[in-house]
Amino acid sequence: MPRKPTNIIYSANEKPPAGTVLILGVQHATLALLFIVYPLVAAAEAGLSFDDTQLFITSCIIFMGIATLLECLPKPGAGMLLVQIPNMAHMPLAVQSLAAGGPALYAGMSLVAAISQLTLSRFMRALRAVFPPEVCGVAVTMLGVALADPALRRVFGISGEITPDLDLRYALVSSVTLVIIVGLAIFSRGMLRLFAVAIGAAIGWILAAYLGVAPEPNASFATLPYIDLPHVGWPGVSFFSWALIPAAIITGVLSAVDMVGTVVSMQRMDDADWRRADLDQAGRAIQANCLGDIGTALTGGFASASSSAAVGVAFATGTTAWRVGAVSGILIILAAFSPRLIGVLTIIPSPVIGAILIYAAAFLTVAGMELILSRRLSDRRIFTVGLAILTGLAVAILPGLVGLTPEWAQPILESPLSISTAVAIVLNLIFRIGIRQEASREVTTADNPFTVATEFLEYQGDLWGARRDVIAMAIPVVAEGVEMLLDTGVAPGKLEVRAHFDEENFDVALLYEGEAITIPDHRPSPEDLLGDAHAVARFVGYMLSKRADRLVLGTDGARQKLTLRFEH
């Protein structure tokens, strides 16, 4: 069981009170439904009719809720608080497909993207080397950076080009909303903290209405029924545009990478002793998302993806319970039966949404940095992280560069998240060349055991990207073992220190020529320290066995082998 951090009130597997679950579920569902603006924009850009747009939106909402429910359930889902929103990565694919071949072609391309995700999810365990903490950290950091543009545009009321006549009323509404959310998340306890986002959004909406920046409902709003059966249909499926298939595959891979980043963020938030990404859990989340996307494609809707904004809301409320996500999934599905409710959500003031996105972006950016710095950084890893983040920032700062590239490459290049993660993955694989997972060093009686252990293990820890706390714990234990074997004469004159690393364990073996020692099962008496060298060695060996996670005695050819294992 993961150890719950002190800032989390209800962790993933805990059961909050029913009322709390319901209200938090409403918060998450409301935030998710705000993002239906993405499929609305795609439908408008492609020139869909009113009826086709209705099908497009309704199908998206229904399967967004179904995917959320599947992901949150412990089995077969991921068992964590993951809430779906319309997938922004699908915007270019949707606009191009709908314009070229209508809903049938977009349905076909969505299926290609979903199958790409599903295929990738089957190999998550084999991809552990591709997604070490520094690569996951880059993805999480750039999730935050990617939210900055839409967040800041809403904060300042910018819909197109930036002009000198900014309306500062938008910034005022966003600032008040953000201050309330942050203040309640940091300084309050109990119910106030749990509902920080809802309270901040409500006050922000009231202020926006008072200042005259809250949108007015359009004329058709009054005609929307409160309750109505959702309308979905079979759009047909077409794969005739071979030019769009590479873009569909890339979109699927990007969606999977985005899901990995969100899952890792939730894992890190929910576990005070987090060590590495649980890619099996990420794989189950991707599979649930794929099932939702397949259902959406077959009923003429827009694909969905996990919400990074929901991660920020979970942090603000101190609740990561999967039951909250399951309730939000049910509420999202029910929202498809209320056209009037969906209409209300479309008129929530833009600066209020911007404040929530700013909060989420700030959390994700710092969470990604924390992931990156959780491991020792060698020169290789420093350049992997630095160059990847700079590439993503280059796309964000100079978006015109993307327009100079081939059309098929633009979907991956126009996203800071996708390009920075891709660069991090490629550099990580390149810089792994030449790194052996095992290294050794000879130590003699003339050497200082602590100095040798420190220099050797820190160098190898940097090279392998081992956790800082594991290396710090191993150094004094290894130094003591070396000192014991050499000073007592059990290892006459010299020995070899051999280190081996994988993502699960950090092993240090001490190899020497001489007699084997035995490790007693019970604590030796202090009088043993007055005995011969072997008695002293047994005493020290017993102490080492309590400080390492495991101590194993064996042989390596003609030499004795004492292996100290530290779980990683």
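Provided above is the structure to which this section pertains.
Attention in this report is confined to the structure presented alongside it. (Residues numbered from 1 in each chain as written. Predicted model: local features only at pLDDT ≥ 70, side-chain atom pairs only at ≥ 80, totals over all residues. Heavy atoms only, no water.)

1. Side note on the overall build of the chain
Secondary structure assignment for the chain yields 20 helices and seven strands. Each of the three principal axes of the chain carries a C-alpha extent, and together these read 95 × 55 × 50 Å. Within the span of the chain, comprising 568 residues, buried residues form 53% of the whole. Counting only carbon and sulfur atoms, one obtains 64% of the accessible surface of the chain, whose full area is about 24400 Å². The average position of the 37 basic charges and that of the 47 acidic charges among the side chains of the chain differ by 4 Å. (Helix = DSSP H or I, 4+ residues; strand = E, 2+ residues; numbered from the N terminus. Buried < 20%, exposed > 50% of the residue type's maximum accessible area, 1.4 Å probe, protein only. Areas by Shrake-Rupley, 256 points an atom, 1.4 Å probe, with all protein chains shown as cover. Lys, Arg positive; Asp, Glu negative; His and termini not counted. Charge placed at Lys NZ, Arg CZ, Asp CG, Glu CD.)

2. Section: the pattern of salt bridges
According to the stated counting rule, one finds 12 salt bridges in the structure shown. Across the salt bridge formed by Lys-4 and Glu-14, the nearest N and O atoms sit 3.3 Å from each other. Remark: Glu-14 occurs in the segment before helix 1 (18-34) and Lys-4 occurs in the segment before helix 1; sequence separation between them is 10 residues. Since its relative accessible area comes to 32%, Lys-4 is described here as partly exposed. (Salt bridge = Lys/Arg side-chain N within 4 Å of Asp/Glu carboxyl O.)

3. Notes on helix 11 (residues 308-317)
Counting buried residues in helix 11 gives nine out of 10 residues, a clear majority hidden from the surface. Listing the buried residues of helix 11 in full gives Ser-308, Ala-309, Ala-310, Val-311, Gly-312, Val-313, Ala-314, Ala-316 and Thr-317. Sitting at the amino-terminal end of helix 11 is Ser-307, which places a side-chain oxygen 3.0 Å from the backbone nitrogen of Ala-310. Of the residues trailing helix 11, Gly-318 is marked for its positive phi of about 70 degrees. (Polar contact = N/O pair within 3.5 Å; in protein donor to acceptor, adjacent residues only side chain to side chain.)

4. Some points on the side chain of Thr-421
Within the secondary structure, Thr-421 sits in helix 17 (residues 416-431). Exposure remark for Thr-421: the relative accessible area of 1% places this residue in the buried category. Excluding its chain neighbours within four sequence positions, the residues that come into contact with Thr-421 are Val-138, Ala-139 and Val-257. (Contact = heavy atoms within 4.5 Å.)

5. Remarks on the sheet that holds strand 5 (residues 505-512)
With antiparallel pairing, five strands are arranged side by side in an open sheet as 3-4-5-7-6. Each having just a single partner strand, strand 3 (438-444) and strand 6 (550-556) make up the two edges of the open sheet. Averaged over all pairs of adjacent strands, the angle between their axes in this sheet comes to 20 degrees, without regard to strand direction. Inspection of the sheet shows strand 5 paired to strand 7 (residues 559-567) by eight bridges, in the antiparallel sense. Residue pairing across strands places Leu-511 opposite Lys-561, the latter belonging to strand 7. In the packing of helix 18 (residues 449-464) onto the sheet, contacts are made with strand 3, strand 4 (494-501) and strand 5, and the angle to strand 3 comes to roughly 170 degrees. (Pairing = 2+ DSSP bridges. Axes fitted to C-alpha atoms, helices over the stretch in contact; angles between N-to-C directions.)

6. Structural notes on the pairing of strand 5
Here strand 5 lies mainly inside the structure; eight of its eight residues are buried. Going residue by residue along strand 5, you find Asn-505, Asp-507, Ala-509 and Leu-511 tucked away on one face and Phe-506, Val-508, Leu-510 and Tyr-512 tucked away on the opposite face as well. As judged from the six bridges shared by strand 4 and strand 5, these two strands associate in the antiparallel manner. When the sheet's bridge partners are listed, Val-497 is paired in strand 5 with Leu-510.

7. Re the state of the cysteines
Tallying each qualifying case throughout the model produces zero disulfides. The cysteine Cys-290 is free of any disulfide, with Cys-60 supplying the nearest cysteine sulfur at 15 Å. (Disulfide = S-S within 2.5 Å.)

8. Thoughts on empty space enclosed by the protein
For the structure on display, the rule yields four cavities of 30 Å³ or more. As a volume, the second largest cavity reaches approximately 50 Å³. Val-443, Pro-449, Val-452, Ala-453, Phe-456, Leu-457, Val-478, Val-482 and Val-497 together form the lining of the second largest cavity. Top element by residues in the lining of the second largest cavity is helix 18. It accounts for five residues. Partitioning the lining of the second largest cavity into residue classes produces nine nonpolar, no polar and no charged. (1 Å grid on protein atoms, 1.4 Å probe; cavity = no way out; pocket = protein on both sides within 12 Å on 5 of 7 lines; lining within 4 Å. Points joined across faces, edges and corners; volume = space filled by probe spheres on them. Nonpolar A, V, L, I, M, F, W, Y, C, P; charged D, E, K, R; others polar.)

9. Side note on the packing of aromatic side chains
Here the structure, examined in full by the defined rule, presents six aromatic pairs. Three or more aromatic residues joined by ring pairs form one cluster here, namely Phe-56, Tyr-106 and Phe-302. (Phe/Tyr/Trp six-rings, centres within 6.5 Å; stacked < 30°, edge-to-face > 60°.)

10. Focus on the packing of helix 9 (residues 245-270) against helix 10 (residues 279-298)
Here helix 9 crosses helix 10 at 130 degrees, and the two axes come no closer than 9 Å. Regarding the angle of helix 9 to helix 10, the classification is oblique. In the crossing of helix 9 with helix 10, the sense of the turn from one axis to the other is right-handed. Packed against helix 9, whose contacting residues are Ala-256, Met-259, Val-260, Val-263 and Gln-267, the element helix 10 presents Leu-279, Gln-281, Ala-282, Ala-285, Ile-286 and Asn-289 at the interface. Taken together, the residues that form the contact of helix 9 with helix 10 break down as eight nonpolar, three polar and no charged. (Parallel < 35°, antiparallel > 145°, perpendicular 65-115°, else oblique. Left-handed = near helix turned anticlockwise from the far one by under 90°.)

11. Topic: the pairing of strand 6
On a regular strand, each side chain points to the face opposite its neighbour's, so the side chains alternate between the two faces of the sheet. Relative to strand 7, strand 6 runs antiparallel, the two being bridged by seven bridges. When the sheet's bridge partners are listed, Leu-553 is paired in strand 7 with Leu-562. Here strand 6 hands over to strand 7 after two residues, with Gly-557 in that stretch at a positive phi of 70 degrees.

12. Structural notes on unusual backbone geometry
With an omega dihedral of 10 degrees, the bond running from Lys-75 to Pro-76 counts as a cis peptide bond. Following the sequence through the fold, Pro-76 ends up in the loop between helix 3 (50-72) and strand 1 (84-86).

Honestly, that's just the spatial picture; any functional story needs more than this.
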